[in-house]
There are 2 protein chains.
Amino acid sequence: MAQAGKTDVAMKGGGYYSLATLGAKHVIEGATPMVLKAVAAAADHAQREFTFTDMGCADGGTSLTMMRAAIDAIRTAAPKLDIRVLYTDQPRNDYNALFQIVYGNTDFDTYLDEHQRVYVAASATSFYRQIVPDATLHLGFSATAMHWLSRKPGNISDHVHMVGAHGAELERFAEQGHRDWETILLHRAAELAPGGRLVLVNFARDEQGRHLGNTGGVHMFDTFNAIWRGFVEDGTISEQEYRNMTLPQYYNTVEEFGAPLLETHGPVHRAGLRLEHIETRIVPCPFAADFAAHGDSERFAREYIPTLRSWTEATFFDALNRARPGDERRELIDRYYSAYQDRVRADPAGHAMDYVHAYMTIRKHA
Amino acid sequence: MAQAGKTDVAMKGGGYYSLATLGAKHVIEGATPMVLKAVAAAADHAQREFTFTDMGCADGGTSLTMMRAAIDAIRTAAPKLDIRVLYTDQPRNDYNALFQIVYGNTDFDTYLDEHQRVYVAASATSFYRQIVPDATLHLGFSATAMHWLSRKPGNISDHVHMVGAHGAELERFAEQGHRDWETILLHRAAELAPGGRLVLVNFARDEQGRHLGNTGGVHMFDTFNAIWRGFVEDGTISEQEYRNMTLPQYYNTVEEFGAPLLETHGPVHRAGLRLEHIETRIVPCPFAADFAAHGDSERFAREYIPTLRSWTEATFFDALNRARPGDERRELIDRYYSAYQDRVRADPAGHAMDYVHAYMTIRKHA
């Protein structure tokens, strides 16, 4: 999850990766062979410079190893090119942590200074807008970021996430998801130089209907929903507060990811983007894997909840009536995650936030 | 002073500029006509893109108005160019504040979104290294940043700043200042496209020997030194701690700024840089100006000290023996600035941190 609180981790000694970031790192490492292949193909088309963007970079810690390999590959494929690395995220991202990590002021092992003529910068322009000038991008990378919609297309009346939505409510999310995915691709089409590539690793619903936190065990989003619904039933929150808690996310299927790239008369295809490869993969939850080894349900519950909390807390908090004092809202949110933790402790079997991603390579027509 | 604590200011309402940043803003506004002239000249030589760097940007608040004017001027001179704005500072700069301000999440009036095809990014590469690829820079700007040396070339035994140094100690600072200025220029020479320009506004010692905080009234650096010396005399600090407090700064004279650009056989001139214009100017201390209006010495002392403290505190703190507990060091530093504040309150006449800058335009041979 790109939003995880990695700053704390960054300040720890010995290049330590917490379990919270290890999953995200595994996802990116799994994409690295695709990145290296795409880099080599794109380098053939680059003139003086090779520009690499990491969209939704967060603090850059989880992509350091991939970025080192990509830079090595660019230098090998085209030794004369200057290399620009542009980290991008939203304006409220922690760019201070990013620069501390990339510039080697933490114990993370950075690639900077291993090669000459590598120019690093960061942008706070979201991937819903154009980030670099026309035809200047050679490799656009993104992992676990593009499921965040540009806006919430409405509340879901009986669930917290589109994976539990139905009918017209689901339709609105599908429509927003479709439009946002097209917007993302059209901006990238403008940015990409001919022959440039995108390697995108996005949350997906796979061929068997699996998705983040729903791979055969306990359904994570149904659990989120059941506990939140319980807060209505015991009078803790209002029906309106229940409904407000709707995550502004959409998980595309493989067909939905492919559609704008394959519709030959659509704007994305006409803008020159071509789908080279798409596949879904599951990366297992590192907390559940750890629990399988240590067997301590108390510890599992304690360690597992913060990673769920990191990317859902803000939406829960915003769902609560603003007439409530801030302390009361914070206390309610604490109680909510405590309830989730209690569930896991009492019956840990099957709890897991396995990652389900679509891994794609997209080419800009040369 | 680029290091001033502008983050707090950024969060205040109504586009408010504190007195602490008003001086820096006046300095940059004074340079704006030079920037606009340089932009128009450089735009004639730009191909697809125009790249503008703001080196030592801090949080970007004080240069917003200048940047708006520069972007307008680039668009007017060459409407088809994509514009890249690159804010640069050290890795420990507050980039979060920078992006909040530039992306319009504060009450600062940002230029972003006034034009299409303006691409903003930030780099944490210092101006002692190359920031952008060869021959891609069209306008390099910097205000009140390049007086910070790349390293401290030694302690000064009887003062806190090179403006009070003599003999071999001054010589070491002059030598470091000379080498650092040449390094800065050589990296810019590599970055600049033919016909590109630098507009640099740097602290200087002017033709009459005036410099920051020494323009005819109380000598600010002598005051820093006298109070610190007093701490040795009353047993508060050791002789070694006194000597450690040596600011790693050098203020060039007009001759020193010009020398590497005018020596026709030197590396900077051979790299293609030419001095187009240099002049010194004084921008009055906004706190002293305010005091002239309100006449309240208690208020003047209270408001004036934080701006001195903002860019000197870290060096004072580091000068103290690390064997002292952190709390003790902090308490000593508090006492130091209190002593300065007491002096100003008791006898406010002549205290002022007037700015003395050299304003330069430098051209890359086309």
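Just so we're clear, the structure is a prediction, and the values are computed from it rather than from any experiment.

On to the overall build of chain A. Across its full length, chain A holds 12 helices and 8 strands. Its C-alpha radius of gyration of 21 Å places chain A within 12% of the 21 Å reference for a compact globule of 366 residues. Judged by the C-alpha coordinates and their principal axes, chain A covers about 65 × 50 × 40 Å. A total of 366 residues make up chain A; the buried ones form 58% of that total. Working note: accessible area of chain A is about 13,900 Å², and carbon and sulfur atoms make up 50% of it.

Take the relation of the copies chain A and chain B next. The pair of chain copies shares a relation made of a rotation about an axis and a shift along it. With an axial shift of 0.0 Å and an RMSD of 0.0 Å, the rotation relating chain A to chain B amounts to 180°. Here the symmetry operator amounts to a two-fold rotation axis. The position closest to the rotation axis in chain A is occupied by the C-alpha of A:Ala122, lying 2.6 Å away.

Listed by partner, the interface residues are 31 residues for chain A and 31 residues for chain B. Across the interface of chain A and chain B, roughly 2,500 Å² is buried in total on both sides, 46% from carbon and sulfur atoms. The largest share of the area that chain A buries against chain B comes from A:Arg84, A:Tyr119 and A:Pro133, three residues that together contribute 22% of it. The residue B:Asp113 makes a salt bridge to A:Arg129 at a minimum N-O spacing of 3.3 Å. Counting across the chain A and chain B interface gives 20 residue pairs in polar contact (both at pLDDT 80 or more).

Our focus in this paragraph is the packing of aromatic side chains. Evaluated as defined, the whole model comprises 44 aromatic pairs over all chains. A ring pair is formed by B:Phe203 and B:Tyr355, whose centres lie 6.3 Å apart and whose planes are at 20°; its orientation type is stacked. One end of the pair, B:Phe203, is in strand β5 (residues 192-205); the other, B:Tyr355, is in strand β8 (residues 355-364), and 152 residues separate them in sequence. By relative accessible area, B:Phe203 is classed as buried at 1%. Ring centres of B:Phe221 and B:Trp311 lie 5.9 Å apart, and the angle between their planes is 75°; this geometry places the pair in the edge-to-face category. Within this pair, whereas B:Phe221 is found in helix α6 (residues 220-233), its partner B:Trp311 is found in helix α11 (residues 297-319), the two being separated by 90 residues in sequence. We classify B:Phe221 as buried; its relative accessible area is 0%. The class for B:Trp311 is buried, based on a relative accessible area of 3%. Linked through ring pairs, A:Phe203, A:Phe221, A:Phe224, A:Trp228, A:Phe231, A:Tyr251, A:Trp311, A:Phe316, A:Tyr336, A:Tyr337, A:Tyr340 and A:Tyr355 together constitute an aromatic cluster. Over the ring of A:Tyr242 we find A:Arg229; its NZ or CZ atom is 4.5 Å from the centre of that ring.

Residue and element names in this part refer to chain A. What the domain assignment reports for chain A is domain 1 (6-213 + 248-286 + 354-364) and domain 2 (220-240 + 287-346). Here domain 1 and domain 2 have C-alpha centroids that lie 28 Å from each other. On the domain 2 side, the residues contacting the 17 residues of domain 1 number 16 residues. If you look at where domain 1 meets domain 2, you find 0 salt bridges. For the pair domain 1 and domain 2, the interface holds 7 residue pairs in polar contact (both at pLDDT 80 or more). Its residues placed into classes, the side of domain 1 that touches domain 2 shows 10 nonpolar, 6 polar and 1 charged.

Every α-helix winds through 3.6 residues per turn, so residues three or four apart in the chain are directed the same way. If you check helix α2 (residues 19-43) of chain A, its first and last C-alpha atoms are 35 Å apart, about what 25 residues at 1.5 Å a residue would give, namely 36 Å. Residue A:Thr32 marks the point of greatest curvature in α2(A), where the axis turns by about 40°; the proline A:Pro33 follows within four residues.

Turning next to the environment of B:Val27. All names here are of chain B. In this fold, Val27 is placed in helix α2 (residues 19-43). When its relative accessible area of 0% is taken as the criterion, Val27 is described as buried. Through-space distance from the C-alpha of Val27 to that of Pro284 is 9.6 Å; in sequence the pair is 257 residues apart. Those residues in contact with Val27 that lie beyond four places of it in its chain are Thr144, Val201, Val283, Tyr355, His357 and Tyr359.

Here we come to the confidence of the model for chain A. Residues and elements named next belong to chain A. Per-residue pLDDT for chain A averages 94, and the proportion of residues at 70 or more is 95%. A low-confidence stretch, residues 1-15 stays under pLDDT 50, and its non-local contacts, those more than four residues away or across chains, total 38 contacts. Here the prediction assigns the complex a pTM of 0.94, and the interface score ipTM is 0.92.

Residue and element names in this part refer to chain B. Located in the positive-phi region is Asp113, a residue other than glycine, with phi close to 75°. Looking at the element boundaries, Asp113 is found in the loop between α4 (95-102) and β3 (118-123). Using a relative accessible area of 54% as the deciding quantity, one classes Asp113 as exposed. One non-glycine residue, Arg117, lies in the positive phi region at around 60°. Note on placement: Arg117 falls in the loop between α4 and β3.

Under the counting rule described, the total for this entry stands at 54 salt bridges over all chains. Among the ionic pairs, B:Asp82 bridges to B:Arg117, the shortest N-O distance being 3.2 Å. A residue pair is termed long-range when its members are at least 10 positions apart, and B:Asp82 in strand β2 (residues 82-88) and B:Arg117 in the loop between α4 and β3 qualify at 35 residues. Residue classification places B:Asp82 among the buried residues on the basis of a relative accessible area of 7%. B:Arg117 sits in the partly exposed class, given a relative accessible area of 30%. Connected via shared salt-bridge partners are A:Glu298, A:Arg302, A:Asp342 and A:Arg345.

All names here are of chain A. It is the contact of helix α10 (residues 286-294) with helix α11 (residues 297-319), at a shortest axis distance of 10 Å, that shows an interaxial angle of 170°. Of the possible angle classes, the one that applies to α10 and α11 is roughly antiparallel. Across the interface between the two elements, Phe287, Ala288, Asp290, Phe291 and His294 of α10 pack against Ser297, Arg299, Phe300, Glu303, Tyr304 and Thr307 of α11. Classifying every residue of the contact of α10 with α11 gives 5 nonpolar, 3 polar and 3 charged.

All names here are of chain A. For Thr53, the location among the structural elements is in strand β1 (residues 49-55). Thr53 sits in the buried class, given a relative accessible area of 1%. Residues Thr53 and Ile131, 78 residues apart in the sequence, show an inter-C-alpha distance of 9.0 Å. Residue contacts for Thr53: discarding those within four places in its chain leaves Leu86, Val132, Leu137, Leu139, Gly140 and Phe141.

Rules used in this analysis
- Residues numbered from 1 in each chain as written.
- Chains lettered and ligands numbered in written order.
- Predicted model: local features only at pLDDT ≥ 70, side-chain atom pairs only at ≥ 80, totals over all residues.
- Heavy atoms only, no water.
- Helix = DSSP H or I, 4+ residues; strand = E, 2+ residues; numbered from the N terminus.
- Rg over C-alpha atoms; globule rule 2.2 N^0.38 Å.
- Buried < 20%, exposed > 50% of the residue type's maximum accessible area, 1.4 Å probe, protein only.
- Areas by Shrake-Rupley, 256 points an atom, 1.4 Å probe, with all protein chains shown as cover.
- Least-squares fit on C-alpha atoms with pLDDT ≥ 70 in both.
- Contact = heavy atoms within 4.5 Å.
- Buried area = accessible area lost by both parts, 1.4 Å probe.
- Salt bridge = Lys/Arg side-chain N within 4 Å of Asp/Glu carboxyl O.
- Polar contact = N/O pair within 3.5 Å; in protein donor to acceptor, adjacent residues only side chain to side chain.
- Phe/Tyr/Trp six-rings, centres within 6.5 Å; stacked < 30°, edge-to-face > 60°.
- Lys NZ or Arg CZ within 6 Å of the ring centre and 35° of its normal.
- Domains from an automatic or database assignment.
- Nonpolar A, V, L, I, M, F, W, Y, C, P; charged D, E, K, R; others polar.
- Expected span 1.5 Å × (residues − 1).
- Bend = angle between axes of the 7 residues up to and from the residue.
- pLDDT = per-residue confidence, 0-100.
- Axes fitted to C-alpha atoms, helices over the stretch in contact; angles between N-to-C directions.
- Parallel < 35°, antiparallel > 145°, perpendicular 65-115°, else oblique.

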